[in-house]
Amino acid sequence: MPTDARAADFRRRLDHAAEATETALDALLGSGALPGEITRPSRLLEAMRYSTLGGGKRLRPFLVIESARLFGVEGASALRTACALEMIHCYSLVHDDLPAMDDDDLRRGRPTCHKAFDEATAILAGDGLLTFAFDVVADPATHEDAGVRAALVLALARAAGLGGMVGGQALDLQAETASTPLTQAETLRMQAMKTGALLRFAVDAGAMLGGANPGQARAVARYGDALGAAFQIADDILDAEGDTAALGKRAGKDAERGKATLVGLLGLDAARARLDQLVNEAITALQDTGRGDATGVLAEAAQFVAARRS
Ligand code: GRG
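Residues numbered from 1 in each chain as written. Predicted model: local features only at pLDDT ≥ 70, side-chain atom pairs only at ≥ 80, totals over all residues. Heavy atoms only, no water.

Draft legend 1. Molecular detail of the overall build of the protein chain. The helix and strand inventory of the protein chain stands at 15 helices and two strands. Against the compact-globule benchmark of 19 Å for 310 residues, the protein chain has a radius of gyration of 19 Å, which places it among compact chains. Principal-axis analysis of the C-alpha atoms gives the protein chain an extent of 55 × 50 × 35 Å. Within the protein chain, buried positions represent 50% of all 310 residues. Summarising the internal contacts of the protein chain: among those between residues at least 6 apart in sequence, 73% fall at separations of at least 24. About 13,700 Å² of surface is accessible on the protein chain, with carbon and sulfur atoms providing 55% of the total. Taking the average location of the 33 positive side-chain charges in the protein chain and that of its 42 negative ones, the two points are 2 Å from each other. (Helix = DSSP H or I, 4+ residues; strand = E, 2+ residues; numbered from the N terminus. Rg over C-alpha atoms; globule rule 2.2 N^0.38 Å. Buried < 20%, exposed > 50% of the residue type's maximum accessible area, 1.4 Å probe, protein only. Contact = heavy atoms within 4.5 Å. Areas by Shrake-Rupley, 256 points an atom, 1.4 Å probe, with all protein chains shown as cover. Lys, Arg positive; Asp, Glu negative; His and termini not counted. Charge placed at Lys NZ, Arg CZ, Asp CG, Glu CD.)

Draft legend 2. Up close: the nonpolar core. Counting residues in hydrophobic clusters, the biggest one holds 82 residues, and the most contacted among them are Leu59, Phe62, Leu63, Met87, Ile88 and Tyr223. In terms of residues, this core owes the most to one element, helix H4 (residues 76-96), which gives ten residues. The residues contacting Ile88, other than those within four sequence positions of it, are Leu130, Ala133, Phe134, Leu156, Ala160, Met165 and Leu198. (Core = buried A, V, L, I, M, F, W, Y, C linked by side-chain atoms within 4.5 Å.)

Draft legend 3. Seen up close, the site of the ligand. Near the ligand lie 21 residues; those nearest to it are Lys57, Arg60, His89, Asp96 and Arg108. Contacts to the ligand include Lys57, whose side-chain N or O atom sits 2.5 Å from an oxygen atom. Here the element with the most residues in the shell around the ligand is H4; it accounts for six residues. Here the residues of the shell around the ligand are counted per class, giving six nonpolar, seven polar and eight charged. (Near = heavy atom within 4 Å. Polar contact = N/O pair within 3.5 Å; in protein donor to acceptor, adjacent residues only side chain to side chain. Nonpolar A, V, L, I, M, F, W, Y, C, P; charged D, E, K, R; others polar.)

Draft legend 4. Spatial organisation of the packing of helix H10 (residues 214-241) against helix H15 (residues 296-307). Where H10 meets H15, the axes come as close as 8 Å, and the angle between the chain directions of the two elements is 20°. Our classification of the angle between H10 and H15 gives roughly parallel. The interaxial crossing formed by H10 with H15 has left-handed handedness. Of H15, the residues touching H10 (which contributes Tyr223, Leu227, Ala230, Phe231 and Ala234) are Leu298, Ala301, Ala302, Val305 and Ala306. Here the contact of H10 with H15 is built from residues that sort into ten nonpolar, no polar and no charged. (Axes fitted to C-alpha atoms, helices over the stretch in contact; angles between N-to-C directions. Parallel < 35°, antiparallel > 145°, perpendicular 65-115°, else oblique. Left-handed = near helix turned anticlockwise from the far one by under 90°.)

Draft legend 5. View of the packing of helix H1 (residues 3-28) against H15. Their axes nearest at 9 Å, the elements H1 and H15 cross at an angle of 85°. Here H1 is positioned roughly perpendicular relative to H15, judged by the angle of their axes. Here Arg6, Ala7, Asp9, Phe10, Arg11, Arg13 and Leu14 of H1 lie close against H15, whose contacting residues are Gly296, Val297, Ala299, Glu300, Ala301 and Phe304. Across the contact of H1 with H15, the residue classes break down as seven nonpolar, one polar and five charged.

Draft legend 6. Inspection of the environment of Met208 at higher detail. Mapped onto the fold, Met208 is located in helix H9 (residues 184-209). Look at Met208 and you get partly exposed, because its relative accessible area is 27%. Between the alpha carbons of Met208 and Phe71 there is a distance of 9.0 Å; along the sequence they are 137 residues apart. Filtering out sequence-adjacent residues up to four positions away, Met208 remains in contact with Val148, Ala151, Leu152 and Ala155.

Draft legend 7. Quick look at the packing of aromatic side chains. All chains considered together, the criterion is met by three aromatic pairs. Seen from their ring centres, Tyr50 and Phe117 are 5.5 Å apart, and the 70° between their planes marks the pair as edge-to-face. On the criterion of sequence distance, the pair formed by Tyr50 in helix H2 (residues 42-52) and Phe117 in the loop between helix H5 (113-116) and helix H6 (119-138) is long-range, its members being 67 residues apart. Overall, the relative accessible area of 13% leaves Phe117 in the buried class. Through pairs of rings, three or more aromatic residues link up here, namely Phe10, Phe62 and Phe304. In this structure, Arg40 packs its charged tip against the face of Phe132, placed 5.1 Å from the ring centre. For the cation-ring pair, Arg60 lies above Phe231, with the distance from its terminal atom to the ring centre recorded as 5.3 Å. (Phe/Tyr/Trp six-rings, centres within 6.5 Å; stacked < 30°, edge-to-face > 60°. Lys NZ or Arg CZ within 6 Å of the ring centre and 35° of its normal.)

Draft legend 8. Inspection of the side chain of Thr142 at higher detail. Positionally, Thr142 belongs in the loop between H6 and helix H7 (146-160). Taking relative accessible area as the criterion, Thr142 reaches 0% and is therefore assigned buried. Looking at Thr142, its side chain comes within polar contact range of the side chain of Arg80, at 2.8 Å. Each residue touching Thr142, except ones within four places of it in the same chain, is listed here: Ser77, Arg80, Thr81, Val136 and Val137.

Here you go:
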């Protein structure tokens with residue numbers, strides 16, 4: 001496929017994934033209680049909907065959907081897994097924005113959840129989204145095979161928890177007040193946990209849903225790791241270049257807080273060079289899936305992650 005057509009195909013698929021995710025999240029976060037639930041308190045539900053609907057690039061859902069499609073799976077299984085992952089991502093943003101963490105007023109171009117509601121509601125909205133994500137994955141509607149559902153639950157818990165995103169956030173916060181700055185290796189590990197783990201899960205989930213063989217699963221995992229690292233460097237570059245309006249969140253925070261970033265450690269030029277290298281690594285890894293041209297849209301996603309402006 002010519003380069004322009006591939007970029008257009010990627011855009012179309014990203015838009016499609018975003019629309020499908022929005023519709024599915026809207027339905028999952030409806031007011032009707034599920035069997036086993038007693039009632040869904042309206043203000044809490046409103047805060048959960050505010051934090052998940054109507055914004056975001058939906059990159060993680062897109063990656064779940066496209067990774068699953070690479071291995072022949074389309075429909076509810078991928079979409080529900082995509083929604084669960086997006087709920088965890090949104091919960092992390094809500095909690096990250098709280099006064100006790102990054103203390104931000106703006107997210108996705110709107111007031112943060114604790115500003116639009118209140119702190120207690122924002123904490124509970126995050127808790128509610130985290131818990132509901134596992135409900136969605138564990139529900140038989142996600143996959144008929146309980147073994148696949150259990151594997152997804154386990155992988156998602158590992159990616160989101162102590163040794164993944166939450167642990168990475170803890171290391172990041174700890175580094176802000178530490179007497180010695182993180183080394184490059186420590187920074188990369190912290191970022192792989194804080195940001196990379198959920199992106200890696202996105203593509204691993206597609207491989208799990210599609211019954212990829214071990215070689216294919218390893219290739220997709222390598223892609224996910226490189227993409228995750230590229231995503232974080234791009235995020236750090238965007239923050240350093242600082243366009244709050246385009247980002248929909250406050251720029252320039254990393255330097256202000258002395259955050260551990262590759263831009264801070266290596267400078268902008270070297271960080272950009274590393275970003276290009278990671279995009280190539282991600283694209284090369286895709287070749288080992290043996291899925292040929294079908295990987296084009298994921299290759300394009302790696303380019304998008306590096307070139308994005310928000
Ligand atoms: C609070 C447990 C806990 C974890 C927070 C992910 C995270 C850990 C904090 C978010 C802060 C941040 C700016 C991280 C850098 C990368 C990142 C996750 C950016 C936001 O993701 P995008 O660009 O956002 O995919 P959208 O809004 O498009 O979904």
